[in-house]
Amino acid sequence: MKHIAIIGSGFGGLSLAVRLQAAGHRVRIFEKREKIGGRAYQLKDSGYTFDMGPSLVTAPSIIRSIFESAGRRLEDYVKLVPLDPFYRIFFHDGSHMDYSGDAEQMKAQLAKFSEKDAAAYDDFMRDMKGIYDAVITDGLGKQPFDTIGKMARFVPRAMRLNALKPVAYMAKSYFEDFRSHFMFSFHPLFIGGHPFRAPSIYAMIPYLEKEEGVWFAEGGMYAIVEALGRLFEELGGEITTSAEVDRITVAEGKATGLQIDGTHFPFDAVVSNGDVTQTYRRLIDPAHRRKWTNRKLDRQKQTMSCFLMYLGTKKKYPKLAHHTLILAERYKGLIDEIFAHKKLPDDFSMYLHVPTATDESMAPEGCESMYVLIPVPNLKANTDWEVEKQDYADKVLEFLEAWGMDGLRDSLEVCHLFTPADFETQLNATDGNAFALEPKLTQTAWFRPHNRSEDVDRLYIVGAGTHPGAGVPGVMLSAEATLSCIIEDLGVGEVVSSPAKLAPVQE
Ligand SMILES: Cc1cc2nc3c(=O)[nH]c(=O)nc-3n(C[C@H](O)[C@H](O)[C@H](O)COP(=O)(O)OP(=O)(O)OC[C@H]3O[C@@H](n4cnc5c(N)ncnc54)[C@H](O)[C@@H]3O)c2cc1C
C-alpha cells in the first residue's frame, strides 16, 4: 500500500481517488474550496438548486465502471433519468430543432430543411462510429498517450478515419443546411474547442450520445459528485477541504509530498487535478522543470471562458427544454472573435440549463431553476469583469425577454453571476479558462501534458488538462489512464477498466 495525495476534487480527481483507494492504496484529497466538485460545484439559494458547471450526463457506462471498480453499483448511489430531446436548438431565424438519438425523428426534422441532409444522417453516424470505436471501444481515450510510438501508430488510423480534419469541415462534407451543419459540429464548444480547429476525434460525440443517450442525475450533477465523495470515504479515503496546496516538494527528481500553509505532508506519490499550467508554474520549482518551463507553459493555448448566470424565476418557461441552445446568426465569425481574445462580442449564442424541466425538486413549487451560459473570451481579453458584469447580465436578460421569455426580469428571485475572473480566483484556472487547454490538434494526445509527468517522477496529472481532455467522460477516462501509469510505476493494484463496448444503462 502506498500513500498518495490528490490535489483537487474535480470529477477527474474523485474518479482516480476511488479507483486508487479500491486498488489498495491510501489516498488523501486536498481541495482548495469549501466543498468538493471543482467545476461541478453546487449553489443553493432560497429553495433553488443550481449545478454551476457540467449539466449533461453522457456515457453513463464510464461513470458506472468507477463504481464497479470498487465492487459497487452506480444505481445504488444515483438515479439517472433519460432525456428526450437531448437538446432544443433555436436558430436566429426563429426555426428550431429537437435534437435526439432517434434516427427516424432526426431524419424527419432534417428533411424539413434539406432532403439531402436527411439522407446523409446515416452515413455520418456510420463514419463517426469508426472514430468512436478507436477512442472508446479500442480504449485510446483511457490509455496514457505518453510515447511518440503510440502517436505514430495512431496517426495512420486517424488519417484513414479523417479524424484529424476539423470537426466543422467534416460536418460540412455531409450536411448543406446551416442548421444541420451546426448540430453536427458544435459539440467541441462543450469542452472548450473551436469547431473549425478541433480535430474530428470530437465529431464522434453525436454518435456517443446516440449510442448511450443523454441523462440527468436526479438532484442534479452534484448528486454524482456527492456519490463519488461518499464512495471514496466508505473505502477509507480522506478528504480535506479548504486546503490550498502551495508547493509540490521534490527531492532527487521525485515528488515527495505537499506543502500547505507552511506544513509539509509526505507522500509516496502526488497527483494534480488542478489546472495543469498552474500545477507546473506555481507548485513546482522551475529547477525541476526541463519540459514544462515557464516559456513553454506560456505558449500553451488556454480555452475560452464562460459568463454564467444562475437564475431562479417565480415563473415557468415551458418553451425551454432541459437543454436549450439559442443561437446568434454568426457561427464561425462569432467563435473566431471569442477565441481571438480581442473583445467581448456584441451578439451572443447561449446555452440554457433548465433542470426543473425534468426535476421539480430543484426549485420551489411553480418556479424555474436555470443557468445561462455564454462563451466569452478568457482573461487575455483584458475585460474588467468587476466593472462589466452587471451591464453584461442586464443585456442578456433584455435579450432573453425580447426573444420570448416574458416578464423574466420581474420574475427573478435569485440571480448569481460567475465570470472568467471567478474561474481564475476560485478554480486557479489560468487566464480564467473554463475547460483547461484548448483541444486543438497540437494540444491533443501525445501533444497534451502527459498523465505521468514528463519532469518529475512519482508526479501525475488527472483531469481536463491531460489526455484525453475536458468533459466529464474525458476526465473520468483520464483517471483510468493516470491509474495505469501509477500502478505500473508503484507496482501495486490492478486497473479495473471501463467496458470496451458501451451498453445503455438499464433503469
Ligand atoms: C460551465 C461549464 C459547463 C460544462 N458542461 C459540461 C457538461 O454538460 N458535460 C460535460 O461532460 N462537461 C461539461 N463541462 C466540462 C467539465 O465540467 C470539466 O471538464 C470537468 O468537470 C473538469 O474536471 P477536472 O477533473 O479537470 O477538475 P476541475 O473541475 O477543474 O477541478 C479541479 C479542482 O482542483 C482544485 N484546485 C486547483 N488548484 C488547487 C490547489 N493548489 N490546491 C488544492 N486544490 C486545488 C480546484 O479548486 C478544483 O476544485 C462544463 C464545464 C463548465 C465550466
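Values in this document were obtained by computation on a predicted structure and should not be read as measured data.

As summarised here, the arrangement of the 3 strands in space is S5-S9-S6, forming an open sheet in which the pairing is antiparallel. What marks the edges here is a single partner per strand, and that holds for strand S5 (57-58) and strand S6 (80-82).

One pass over the structure, following the stated rule, counts 37 aromatic pairs. Measuring from centroid to centroid gives 5.2 Å for phenylalanine 124 and phenylalanine 184, while their planes differ by 55 degrees, and the two rings are tilted. Pair noted here: phenylalanine 124 is in helix H4 (residues 115-137) and phenylalanine 184 is in the loop between helix H7 (178-183) and helix H8 (205-212), with a separation of 60 residues, a long-range link. Exposure class is identical for phenylalanine 124 and phenylalanine 184. Each is buried. Here the aromatic rings of tyrosine 351 and tyrosine 371 are separated by 5.9 Å at their centres, their planes lie at 80 degrees, and the arrangement is edge-to-face. Here tyrosine 351 is found in strand S17 (residues 350-353), whereas its partner tyrosine 371 is found in strand S18 (residues 368-376), with 20 residues between them in sequence. Residue class for tyrosine 351 comes out buried when judged on its relative accessible area of 4%. The lysine or arginine in question, lysine 319, covers the ring of tryptophan 403, its NZ or CZ lying 3.9 Å from the ring centre.

Let us now look at helix H3 (residues 103-113). Two residues of an α-helix separated by three or four positions point the same way, owing to the 3.6 residues in each turn. Restricting attention to buried positions, one finds in H3 the residues Ala103, Met106, Lys107, Gln109 and Leu110. Down the axis of H3, the smallest arc covering the buried residues is 165 degrees, so these residues share one side. What points out from H3, more than 90 degrees from its buried face, is the exposed set Glu104 and Lys112. Elements in contact with the buried residues of H3: strand S8 (96-99), H4, H7 and H8. The backbone nitrogen of glutamate 104 has a side-chain oxygen 3.0 Å away, supplied by the residue at the start of H3, namely aspartate 102.

Next up on the list: the site of the ligand. Near the ligand you find 38 residues, and of these Gly12, Glu31, Arg39, Asn273 and Val472 are the closest. Within the backbone of serine 55, one N or O atom sits 2.9 Å away from an oxygen atom of the ligand. Within the contact set of the ligand, an oxygen atom lies 2.9 Å away from a backbone nitrogen or oxygen of glycine 471. In the complex, 95% of the free accessible area of the ligand, which totals 1000 Å², lies under the protein chains. Broken down by secondary-structure element, the contributors of at least two residues to the shell around the ligand are helix H1 (11-22), S18, helix H15 (420-427) and helix H16 (472-490). Looking at the shell around the ligand residue by residue, the class counts come to 19 nonpolar, 14 polar and 5 charged. The residues that make up the shell around the ligand include at least three from each of domain 1 (3-39 + 217-300 + 437-490) and domain 3 (305-427).

Neighbouring strands of a sheet are bound in pairs by backbone hydrogen bonds; such pairs are parallel or else antiparallel. With mixed pairing, the 7 strands of this open sheet are ordered in space as S8-S7-S16-S17-S18-S15-S19. A strand with exactly one partner marks an edge of an open sheet, and here the two such strands are S8 and strand S19 (412-418). Neighbour to neighbour, the strand axes of the sheet diverge by 20 degrees on average, direction disregarded.

So, about the domain arrangement of the protein. Where interface size is given, it is often the accessible area lost as the parts come together that is meant. When its domains are assigned, the protein resolves into domain 1 (3-39 + 217-300 + 437-490), domain 2 (103-210) and domain 3 (305-427). One C-alpha centre belongs to domain 1, the other to domain 2; they are set 29 Å apart. Summing the contributions of domain 1 and of domain 2, the shared interface buries around 1700 Å²; its carbon and sulfur component is 66%. For domain 1, the biggest contributors to the area lost against domain 2 are Pro439, Leu441 and Trp446; these three give 33% of the whole. The tally of links from domain 1 across to domain 2 stands at 2 salt bridges.

So, on to the environment of arginine 289. Residue placement: arginine 289 occurs in the loop between helix H10 (276-283) and helix H11 (294-299). A relative accessible area of 5% places arginine 289 in the buried class. Setting aside chain neighbours within four positions, we find arginine 289 in contact with Tyr280, Arg281, Ile284, Asn294, Leu297 and Asp455. Polar side-chain contacts of arginine 289 include one of 2.8 Å to the side chain of asparagine 294.

What follows is about the nonpolar core. Of all hydrophobic cores here, the largest spans 131 residues; its most connected members are Phe11, Leu16, Ile89, Met183, Phe184, Ile224 and Leu228. Looking at which element gives the most residues to this core, the answer is H4, with 11 residues. In contact with methionine 183, other than residues within four places in its own chain, are Ile89, Phe91, Met97, Tyr99, Met106 and Leu110. Listed in part, the 26 residues of the second largest apolar core include Met309, Met370, Leu379 and Leu397.

With 97% of its residues at a pLDDT of at least 70, the protein reaches an overall mean of 95. A low-confidence stretch, residues 500-507 stays under pLDDT 50, and its non-local contacts, those more than four residues away or across chains, total 25 contacts.

What follows concerns H10. Counting buried positions along H10 gives 6 out of 8 residues, so the element sits mostly inside the fold. Contacts from the buried residues of H10 go to strand S1 (3-7), strand S11 (247-251), strand S14 (269-272), H11 and strand S20 (459-461). Structurally, the start of H10 carries an N-cap: the backbone nitrogen of threonine 277 is 3.2 Å from a side-chain oxygen of aspartate 275.

With that settled, the discussion passes to the state of the cysteines. On inspection of all chains with the given rule, the structure shows 0 disulfides. A disulfide-free cysteine, cysteine 367 has its sulfur positioned 15 Å from the sulfur of cysteine 415, the nearest such atom. You can call cysteine 367 buried: its relative accessible area is 7%.

Turning to the pattern of salt bridges, a few remarks are in order. Using the criterion set out here, one finds 32 salt bridges in the structure. Across the pair aspartate 146 and arginine 452 runs a salt bridge whose closest N-O atoms are separated by 2.8 Å. On the criterion of sequence distance, the pair formed by aspartate 146 in the loop between H4 and helix H5 (148-160) and arginine 452 in the loop between H15 and S20 is long-range, its members being 306 residues apart. Exposure remark for aspartate 146: the relative accessible area of 22% places this residue in the partly exposed category.

Cut-offs applied
Residues numbered from 1 in each chain as written. Predicted model: local features only at pLDDT ≥ 70, side-chain atom pairs only at ≥ 80, totals over all residues. Heavy atoms only, no water. Pairing = 2+ DSSP bridges. Helix = DSSP H or I, 4+ residues; strand = E, 2+ residues; numbered from the N terminus. Phe/Tyr/Trp six-rings, centres within 6.5 Å; stacked < 30°, edge-to-face > 60°. Buried < 20%, exposed > 50% of the residue type's maximum accessible area, 1.4 Å probe, protein only. Lys NZ or Arg CZ within 6 Å of the ring centre and 35° of its normal. Arc of directions from axis to C-beta. Contact = heavy atoms within 4.5 Å. Polar contact = N/O pair within 3.5 Å; in protein donor to acceptor, adjacent residues only side chain to side chain. Near = heavy atom within 4 Å. Areas by Shrake-Rupley, 256 points an atom, 1.4 Å probe, with all protein chains shown as cover. Nonpolar A, V, L, I, M, F, W, Y, C, P; charged D, E, K, R; others polar. Domains from an automatic or database assignment. Axes fitted to C-alpha atoms, helices over the stretch in contact; angles between N-to-C directions. Buried area = accessible area lost by both parts, 1.4 Å probe. Salt bridge = Lys/Arg side-chain N within 4 Å of Asp/Glu carboxyl O. Core = buried A, V, L, I, M, F, W, Y, C linked by side-chain atoms within 4.5 Å. pLDDT = per-residue confidence, 0-100. Disulfide = S-S within 2.5 Å.

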